Amino acid sequence: MIKLAGIGHVNLRVADQEASKRFYRDVLGFRIAEEDPDHGGVFMTLGENFHTLDIGQHPSPNEAPRPQRGQIGLAHIAFQVGSYAALRDAYAHLVENGVPILRAANHVNQRSFYFADPDGNVLEIYYEMPYALELFSNGRSDADEALPVSRTGEPLPQWLLEDWPSADMKARIEDLRCGKERMSA
């Protein structure tokens, strides 16, 4: 069996490389690792690897089809944040920068919101509870809940302002953390 270590990078062919570079760099915080038009375009990183996202200019962008909801292939790219506060900050940052939030969801073990890049590729930012695999070892029961979204100039939705996960779930997470510490000691 192949033992993959993770997803290395995503390569997007874009209609306007400069507009996409600005979006991913200035709005989402990617850093440019290298620009090499002879080998694909702009190689961008989130800091862990040399490149996380590659963007390259499509040779005929006016003739190329744009991503469409329900198409076969890529549905979205998801980016994880390390805390619920970081999720709230990311949401506020996007709204302040005029990026429309398409939808938001409570996926039981994580909360997330969705938006699009300049070419219409759907992106997701999410926060997942620590120890989600152990907490939901029998699955999440597909009990997703749609969450309200806001626009520029409107207050953040209430779900982003609440303390999440709930106190009882935080207690379960702490029990798992303590149990793992005891096992490793």
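Keep in mind that this is a model prediction, so the values were computed, not measured.

Q: Would you take a moment to explain the layout of surface pockets for this structure?
A: Rolled over the atoms, a probe as big as a water molecule pinpoints where empty space is left. Considering only enclosed or pocket space, the largest pocket measures out at about 400 Å³ in volume. Tallied by class, residues from the lining of the largest pocket come to 7 nonpolar, 6 polar and 2 charged. Considering only enclosed or pocket space, the second largest pocket measures out at about 320 Å³ in volume. The wall of the second largest pocket is formed by 14 residues, among which Ile7, Thr52, Ile77, Ala78 and Phe79 lie closest to the centre. The element contributing the most residues to the lining of the second largest pocket is strand S5 (residues 77-80), with 4 residues. For the lining of the second largest pocket, the residue count by class is 8 nonpolar, 5 polar and 1 charged.

Q: I would appreciate a short explanation of the sheet that holds S5 in the present structure.
A: Across a sheet, paired strands are connected by hydrogen bonds in the backbone, their directions being either parallel or antiparallel. Taken in spatial order, the 5 strands of this open sheet run S5-S8-S7-S6-S9, and their pairing is mixed. The open sheet has two edge strands, S5 and strand S9 (145-147), and neither has a second partner. Taken over all neighbouring pairs, the strand axes of this sheet differ in orientation by 25 degrees on average, direction set aside. Where S5 lies against strand S8 (residues 122-128), 4 bridges are found, and the strand directions are parallel. Looking at S8, one finds that alanine 78 is bridged to glutamate 124. Its contacts with the sheet put helix H2 (residues 84-96) on strand S7 (110-116) and S8, and the angle it makes with S7 is roughly 20 degrees.

About the thresholds
Residues numbered from 1 in each chain as written. Predicted model: local features only at pLDDT ≥ 70, side-chain atom pairs only at ≥ 80, totals over all residues. Heavy atoms only, no water. 1 Å grid on protein atoms, 1.4 Å probe; cavity = no way out; pocket = protein on both sides within 12 Å on 5 of 7 lines; lining within 4 Å. Points joined across faces, edges and corners; volume = space filled by probe spheres on them. Nonpolar A, V, L, I, M, F, W, Y, C, P; charged D, E, K, R; others polar. Helix = DSSP H or I, 4+ residues; strand = E, 2+ residues; numbered from the N terminus. Pairing = 2+ DSSP bridges. Axes fitted to C-alpha atoms, helices over the stretch in contact; angles between N-to-C directions. Contact = heavy atoms within 4.5 Å.

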